[in-house]
Amino acid sequence: MAVIFSLFLQTLGEDACSEILTMSLALNDLLICCRQLEHDRATERRKEVDKFKRLIQDPETVQHLDRHSDSKQGKYLNWDAVFRFLQKYIQKETESLRTAKSNVSASTQTSRQKKMQEISSLVRYFIKCANKSKKHCLGVMEYSFNPSTQEAEAGGLVYKEHPG
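Given the structure is predicted, the values throughout are model-derived calculations rather than measurements. (Residues numbered from 1 in each chain as written. Predicted model: local features only at pLDDT ≥ 70, side-chain atom pairs only at ≥ 80, totals over all residues. Heavy atoms only, no water.)

Colleague: What exactly am I supposed to notice about the overall build of the chain here?
Modeller: Looking only at helices and strands, the chain has 6 helices and 4 strands in total. When its helices and strands are written in sequence order, the chain yields α-α-α-α-α-α-β-β-β-β. Expressed as a percentage of its 164 residues, the buried residues of the chain come to 35%. In the chain, of all internal contacts separated by at least 6 residues, the share reaching a separation of at least 24 is 59%. Entry remark: accessible area of the chain is about 10,200 Å², with carbon and sulfur atoms responsible for 53%. (Helix = DSSP H or I, 4+ residues; strand = E, 2+ residues; numbered from the N terminus. Buried < 20%, exposed > 50% of the residue type's maximum accessible area, 1.4 Å probe, protein only. Contact = heavy atoms within 4.5 Å. Areas by Shrake-Rupley, 256 points an atom, 1.4 Å probe, with all protein chains shown as cover.)

Here is the structure:
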């Protein structure tokens, strides 16, 4: 089996092998991070946000996300798939805030408002990173936040190709 795999790699060539290995390594961390954003524990989700921000701006990761977004193949991690993970994160965080006790101190209310601002900021950051890629993210359709119910929702992404 090892001989067959070795022959397969030789027929691909060094550049193609490097591409396959790089692709999986570059996107593997992002995929793991995205899955952690879905974690049931808020502390685990919170730990991943900075990592998520770092990974979606990494040039190598962006290159792979762009390529997979262009190929329209659903089996690879692309910008749309990453956004779907982000949507699930938003839903979990807002559900957590919505189901929390409502009769709380002013400082707790302030903390909750700050959390919603952080979520909004993360959505804007995602759009900013997507805008730097060769896909131009015009914005998020149907992003809304209702402070009285502590609910937020993000619809989908709207893209257009960068000119030139």
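Okay, back to it.
Colleague: I tried to follow the pattern of salt bridges on my own but got confused; where do I start?
Modeller: Between side chains of opposite charge, pairing is possible as soon as their charged atoms come close. If you walk through the whole model with that rule in mind, you get 6 salt bridges. Close ionic contact of Glu 44 with Lys 47 constitutes a salt bridge, the shortest N to O distance being 3.3 Å. A residue pair is termed a helical-turn pair when its members lie 3 or 4 positions apart in one helix, as Glu 44 and Lys 47 do in helix α3 (residues 42-57) at 3 residues. With relative accessibility at 18%, the residue Glu 44 sits in the buried group. Linked by salt bridges that have partners in common, Arg 45, Glu 93 and Lys 115 make up one network. (Salt bridge = Lys/Arg side-chain N within 4 Å of Asp/Glu carboxyl O.)

Colleague: What am I meant to see in the packing of helix α5 (residues 79-99) against helix α6 (residues 106-132) here?
Modeller: Pairs of packed helices are described in terms of their axes, by the angle between the two and the distance that separates them. Their axes nearest at 11 Å, the elements α5 and α6 cross at an angle of 175°. Between α5 and α6, the angle falls in the class roughly antiparallel. Packed against α5, whose contacting residues are Trp 79, Val 82, Phe 83, Leu 86, Tyr 89, Ile 90, Glu 93, Thr 94 and Leu 97, the element α6 presents Arg 112, Lys 115, Met 116, Ile 119, Leu 122, Val 123, Phe 126, Cys 129 and Ala 130 at the interface. The residue makeup of the contact of α5 with α6, split by class, is 14 nonpolar, 1 polar and 3 charged. (Axes fitted to C-alpha atoms, helices over the stretch in contact; angles between N-to-C directions. Parallel < 35°, antiparallel > 145°, perpendicular 65-115°, else oblique. Nonpolar A, V, L, I, M, F, W, Y, C, P; charged D, E, K, R; others polar.)

Colleague: I'm lost on the packing of aromatic side chains in this one. Help?
Modeller: How two aromatic rings sit relative to each other is given by the distance of their centres and the angle of their planes. All chains considered together, the criterion is met by 2 aromatic pairs. Where Trp 79 meets Phe 126, the ring centres are 5.6 Å apart and the plane angle is 75°; that geometry is what we call edge-to-face. Pair noted here: Trp 79 is in helix α5 and Phe 126 is in helix α6, with a separation of 47 residues, a long-range link. For the pair Trp 79 and Phe 126, one class covers both residues: buried. Between the aromatic rings of Phe 83 and Phe 126, the centroid separation amounts to 5.7 Å while the plane-to-plane angle is 35°, which identifies the pairing as tilted. You can see Phe 83 sitting in helix α5 and its partner Phe 126 sitting in helix α6, a full 43 residues away along the chain. The burial state of Phe 83 is the same as that of Phe 126; both residues are buried. Here a set of aromatic residues connected by ring pairs shows up, and it is made of Trp 79, Phe 83 and Phe 126. The aromatic ring of Tyr 125 is capped on one face by Lys 53, whose charged end is 5.9 Å from the ring centroid. Across from the ring centre of Phe 85, 5.7 Å away, lies the NZ or CZ of Lys 88, which sits over that ring. (Phe/Tyr/Trp six-rings, centres within 6.5 Å; stacked < 30°, edge-to-face > 60°. Lys NZ or Arg CZ within 6 Å of the ring centre and 35° of its normal.)

Colleague: How should helix α4 (residues 59-71) be read in this particular structure?
Modeller: One full turn of an α-helix is made of 3.6 residues, so residues set three or four places apart face in the same direction. With 13 residues, α4 should cover 18 Å at 1.5 Å per step; its first-to-last C-alpha distance of 18 Å lies within 8% of that length. Considered for burial, the residues of α4 that qualify are Thr 61, Val 62, His 64, Leu 65, Asp 66, His 68 and Ser 69. (Expected span 1.5 Å × (residues − 1).)

Colleague: Please explain the confidence of the model for the chain as it appears in this structure.
Modeller: When pLDDT drops low, the exact placement of atoms in the prediction is not to be read closely. Per-residue confidence for the chain averages 75 on the pLDDT scale, and 64% of its residues sit at or above 70. For the stretch residues 15-22, pLDDT sits under 50, and the model shows 7 contacts to residues farther than four places along the chain or on other chains. Per-residue pLDDT stays below 50 along residues 157-164; that stretch engages in 29 contacts with residues further than four places along the chain or on separate chains. (pLDDT = per-residue confidence, 0-100.)

Colleague: Help me out: how do you make sense of α6 in this one?
Modeller: The end-to-end C-alpha separation of α6 is 39 Å, in line with the 39 Å expected for 27 residues at 1.5 Å each. For α6, the complete set of buried residues consists of Arg 112, Lys 115, Met 116, Ile 119, Ser 120, Leu 122, Val 123, Tyr 125, Phe 126, Ile 127, Cys 129 and Ala 130.

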